[in-house]
Amino acid sequence: MNHATRLSSAALADLPADWARPAYDRDQPCGVVHLGIGAFHRAHQAVFFDALLAAGHCGWMIRGASLRSPAVAQAMNPQDGLFTVLVRDGAEERPQVAGSVRDVLVAPDDPQALVRALADPAVALVTLTVTEKGYCLDPATGALRADDPAVAADIANLASPQTAPGFLVAGLAARRMAGVAPFTVLSCDNLPENGQRTRAAVLALAEAVDPALAAWIAREVAFPSSMVDRIVPATTPDDLDNFESATGWRDEALVKTEPFSQWVVEDWFCNRRPPLDEVGAQFTRDVAGWEKAKLRLLNGAHSAIAYLGGLAGYAHVHQAMAAPGFAALIEALWDEAGATLAPVDGFDPAAYRAQLRTRFANGALMHRTNQIAMDGSQKLPQRWLQTILEIRRAGRAVPPALTLALAGWMRWQAGVNDAGARHSVDDPLAAETACALANAAGDPAAEVRALLANNAIFGSAFPADADFVAQLTRSYVFIRQEGAAAAVQAFVDARD
Ligand code: CS2
């Protein structure tokens, strides 16, 4: 067996000549702290900052932080923060080593170290990818979940925070005390008006700790919204091993992704603004339209593929997209969602849809349906439910594709697919959905009603919409009896 070399600063010069790598001085201040340094951050924001540093803009190194697990720190710190981005499309594979991450802190190991990093005057920007549930908000109302034990712990003891809003408040409090200007808080999660939501979470937590601090934050801190887009499947142990045997390099922090990448950022900063527009991002006054279109078209379709495709036994997005009926179902879902979108300057829905067809067909990504199926309770409101509500409030017919997708989510909660194979339901509300199903004692209509009664996900309008409940129940019963593959086929046949 040959011995692979682990990626590190010392080994940079030995990389294959055609791999892109950082040629800039990495020993410069961190202007960014990133909360939630997973694969998505590495393949998206960190690549933009790598380009910024490569273009000669100084002071934009990133200090990463994991709020839960030490895994990323263990992968990246021995590599001096370096990692490879593998851009994959068809047979084409382009490795690029990115250098924008300095190091990674593990918040639970040393929360004060992260608060100190946030208080560093060189830091002008805090970016976040903490996933939907990381904001500790009620998915239906967007209010801070004061009943969450971690939120309650942060309010009781801000000296040792646990949550993302808690760290932001503690970091801002330290800066205020020291007379240092606040950082800009930039959410990069798939939530509508993610800046406003982050602001609401931070202000609610600050208010509970110190109303004067909350007032200062409300006055001084910018919380731009942003739309982020790049498909980044979770890296698997096989990906690491295959990379090692193909190249002779071991990279524990490798990420694989698609060529496409987009970042639209609201132009609202209270501290230095990184000139991201020079490296392909867009600054705009109004991100809401972009976010809504991306969430309803890309993510909405993704979740439909995840549940219906997963139930039908397709492990990967491209396989589901090639299966009978799925492409037509997704077109129907896009028609339904597209009708709720107001025109956005610079956004061409037809071109976007065409691009999505190609992106979803990229088999080299091996994007798992299971990965997208995670945390559905946190994703459904912005991906499907708001769309359905708007359609119904406008007095229009129940949208059948979105309704079928929702029936697929409901069936997914049972933890068993069309073929009887079991899957785990990876969701913070999994215990609640399991309990709802158990209480319905095998009656499908009662199962639908029990799941819809979950206020945190659905609010109160859905159970009261009789036509919608009837159609949802029909779709659910069909999936339960015939399977999701047959339900998708029947949906398409009925439209022909
Ligand atoms: C996906 C997203 O896992 C999911 O829920 O829908 O991560 C999706 O791949 C990205 O938003 C693409 O930008």
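The structure presented is a predicted model; accordingly, all values stated were derived computationally and were not measured. (Residues numbered from 1 in each chain as written. Predicted model: local features only at pLDDT ≥ 70, side-chain atom pairs only at ≥ 80, totals over all residues. Heavy atoms only, no water.)

Here we look at the overall build of the chain
Across its full length, the chain holds 21 helices and 13 strands. Relative to the compact-globule value of 23 Å for 496 residues, the chain shows a C-alpha radius of gyration of 23 Å, a close match. Counting the 496 residues in the chain, one finds 57% classified as buried. In the chain, once contacts between residues fewer than 6 apart in sequence are set aside, the share between residues at least 24 apart is 78%. (Helix = DSSP H or I, 4+ residues; strand = E, 2+ residues; numbered from the N terminus. Rg over C-alpha atoms; globule rule 2.2 N^0.38 Å. Buried < 20%, exposed > 50% of the residue type's maximum accessible area, 1.4 Å probe, protein only. Contact = heavy atoms within 4.5 Å.)

Topic: unusual backbone geometry
One non-glycine residue, Glu193, adopts positive backbone phi at about 45°. In this structure, Glu193 sits in the loop between strand 8 (184–187) and helix 7 (194–209). A positive phi angle is found at Met366, which is not glycine, with a value near 50°. Take Met366: it is sitting in the loop between helix 13 (349–360) and helix 14 (369–373).

Describing the sheet that holds strand 9 (residues 226–229)
In spatial order, the strands read 9-12-13; together these three strands make up an open sheet with mixed pairing. The outermost strands of the open sheet, each flanked by one partner alone, are strand 9 and strand 13 (282–284). When strand polarity is set aside, the average angle formed by the axes of neighbouring strands in this sheet is 15°. By the bridge criterion, four bridges tie strand 9 to strand 12 (residues 262–266) in an arrangement that is antiparallel. (Pairing = 2+ DSSP bridges. Axes fitted to C-alpha atoms, helices over the stretch in contact; angles between N-to-C directions.)

Examining the site of the ligand
Close contacts around the ligand come from 13 residues, with Asn190, Asp229, Lys294, His302 and Lys379 the closest. Contact distances for the ligand include 2.9 Å between an oxygen atom and a side-chain N or O atom of Asn190. Asp229 is positioned such that a nitrogen or oxygen atom in its side chain is 2.6 Å from an oxygen atom of the ligand. The protein chains hide 90% of the 340 Å² of surface that the ligand would expose on its own. Elements that contribute at least two residues to the shell around the ligand include exactly strand 9, helix 10 (288–311) and helix 15 (376–393). Per-element accounting of the shell around the ligand gives the leading share, four residues, to helix 10. Residues of the shell around the ligand, tallied by class, amount to four nonpolar, four polar and five charged. Three or more residues apiece are contributed to the shell around the ligand by two domains, here domain 1 (5–284) and domain 2 (297–495). (Near = heavy atom within 4 Å. Polar contact = N/O pair within 3.5 Å; in protein donor to acceptor, adjacent residues only side chain to side chain. Areas by Shrake-Rupley, 256 points an atom, 1.4 Å probe, with all protein chains shown as cover. Nonpolar A, V, L, I, M, F, W, Y, C, P; charged D, E, K, R; others polar. Domains from an automatic or database assignment.)

Considering the packing of helix 12 (residues 326–338) against helix 13
Put simply, helix 12 and helix 13 touch, their axes get as near as 12 Å, and they point 145° apart. The interaxial crossing formed by helix 12 with helix 13 has right-handed handedness. Residues Glu331, Trp334 and Asp335 of helix 12 form the contact with helix 13, whose participating residues are Arg353, Leu356, Arg357 and Phe360. Taken together, the residues of the contact of helix 12 with helix 13 sort by class into three nonpolar, no polar and four charged. (Left-handed = near helix turned anticlockwise from the far one by under 90°.)

A few points about the domain arrangement of the chain
Domain annotation for the chain reports domain 1 (5–284) and domain 2 (297–495). Summarising the inter-unit geometry, the C-alpha centres of domain 1 and domain 2 are found 30 Å apart. Taken together, the contacts link 24 residues of domain 1 with 25 residues of domain 2. Here domain 1 packs against domain 2, burying approximately 1,900 Å² in sum over the two surfaces, 54% of which is carbon and sulfur. Viewed at the interface, domain 2 and domain 1 are joined by four salt bridges. Taken together, the links from domain 1 to domain 2 amount to ten residue pairs in polar contact (both at pLDDT 80 or more). For the side of domain 1 that touches domain 2, the residue count by class is eleven nonpolar, four polar and nine charged. (Buried area = accessible area lost by both parts, 1.4 Å probe. Salt bridge = Lys/Arg side-chain N within 4 Å of Asp/Glu carboxyl O.)

Here we look at the confidence of the model for the chain
Per-residue pLDDT for the chain has a mean of 97; in total, 100% of the residues score no lower than 70. The least confident element of the chain, judged by mean pLDDT, is strand 5 (residues 92–98) at 91; the most confident is strand 7 (residues 125–128) at 99. (pLDDT = per-residue confidence, 0-100.)

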